[in-house]
Amino acid sequence: MKKLTHFTIAFLVLGFFQANAQEQKKSTAPVKANQATLVNDFYISYGFGSLYFISNQGGGSNSYKTSGAVILGYSRSLSMVVAVGFQASFMNISHKSGSSTYEDNYWSGLANVRFRYYNRPSFCMYSGVALGIAMDYINENKTSGTNSYQNYYPAGQLTLLGFRVGRSLSFFGEFGIGTNSIINGGISYKFGE
């Protein structure tokens, strides 16, 4: 009887420690990030098809070339639907006219608002609008010498369809119209709950 009591107590104690160890194991498992609840978003992208490039071509026989736009940005989620932020971009457009060459270097700064209408843990779709200003730093290389000057223009971007695939680190793409691009894609990193 005494052995049976000791055996029962030992069995209960081991069972308790075993159950406790299993609970601790479950609680230390890593939890995957949910992109829908992460509030800070840094991104970098490359785009092409800017309205500046399209409007500069005009009707002449000048051959315009561009390297596309490089866009850096940050946004912060105010809710599961609305995010606000800013973006900076650079785009170079060059062309020749006779023996002269021209380079337009557009530096833009825009404030933006995004509206996420489909927001899941690893995928979201959104639309947005951005407004700001662009500085066009122009270099003219003529046979008579070089000339540099600056012009300022309004800048804006309307994102008709944007998507983000991933959790913290992800790929995103956008389709819209504006001074940055018509189509762009890049990498996004979200953090902070």
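Note that this is a predicted model, so its numbers are computed, not measured.

Conventions and cut-offs
Residues numbered from 1 in each chain as written. Predicted model: local features only at pLDDT ≥ 70, side-chain atom pairs only at ≥ 80, totals over all residues. Heavy atoms only, no water. Salt bridge = Lys/Arg side-chain N within 4 Å of Asp/Glu carboxyl O. Helix = DSSP H or I, 4+ residues; strand = E, 2+ residues; numbered from the N terminus. Buried < 20%, exposed > 50% of the residue type's maximum accessible area, 1.4 Å probe, protein only. Pairing = 2+ DSSP bridges. Axes fitted to C-alpha atoms, helices over the stretch in contact; angles between N-to-C directions. Phe/Tyr/Trp six-rings, centres within 6.5 Å; stacked < 30°, edge-to-face > 60°.

### Quick notes on the pattern of salt bridges
Any two side chains of opposite charge can pair, on the condition that their charged atoms come close.
Here is step 1: All told, the structure shown has 3 salt bridges when counted by the stated rule.
Here is step 2: A salt bridge links Arg 114 to Asp 41; the nearest nitrogen and oxygen atoms lie 3.8 Å apart. Taken together, the residues Arg 114 in strand 4 (residues 100-120) and Asp 41 in strand 1 (residues 40-48) connect sequence positions 73 residues apart.
Here is step 3: Of the residues examined, Arg 114 reaches a relative accessible area of 11% and is grouped as buried.
Here is step 4: A cluster of three or more residues bridged by salt bridges with shared partners is formed by Asp 41, Arg 114 and Glu 174.

### A look at the sheet that holds strand 2 (residues 64-77)
Here is step 1: Taken in spatial order, the 8 strands close into a barrel running 1-2-3-4-5-6-7-8, and their pairing is antiparallel. The sheet shows a mean angle of 25 degrees between the axes of neighbouring strands, direction not considered.
Here is step 2: Both strand 3 (residues 82-97) and strand 4 contribute to a ladder of 16 bridges, which runs antiparallel. If you follow Met 91 over to strand 4, its bridge partner there is Tyr 106.

### Section: the packing of aromatic side chains
Here is step 1: Per the stated rule, a full pass over the model turns up 8 aromatic pairs.
Here is step 2: Seen in terms of ring centroids, Phe 42 and Tyr 74 are 4.9 Å apart; in terms of plane orientation they differ by 45 degrees. Their pairing is tilted. In this pair, Phe 42 sits in strand 1 while Tyr 74 sits in strand 2, placing the two residues 32 residues apart along the sequence.
Here is step 3: Judged by centre distance (5.9 Å) and plane angle (45 degrees), the rings of Tyr 74 and Phe 86 are tilted. Here Tyr 74 is found in strand 2, whereas its partner Phe 86 is found in strand 3, with 12 residues between them in sequence.
Here is step 4: Taking relative accessible area as the criterion, Tyr 74 reaches 18% and is therefore assigned buried.

### Quick look at the pairing of strand 3
Here is step 1: With 12 bridges connecting them, strand 2 and strand 3 associate as antiparallel partners. The residue of strand 3 that forms the bridge with Thr 66 is Ile 93.
Here is step 2: Connecting strand 2 to the antiparallel partner strand 3 that follows it, the hairpin turn spans 4 residues.
Here is step 3: The loop that links strand 3 with its antiparallel partner strand 4 comprises 2 residues; one of these, Gly 98, has a positive phi angle of about 70 degrees.

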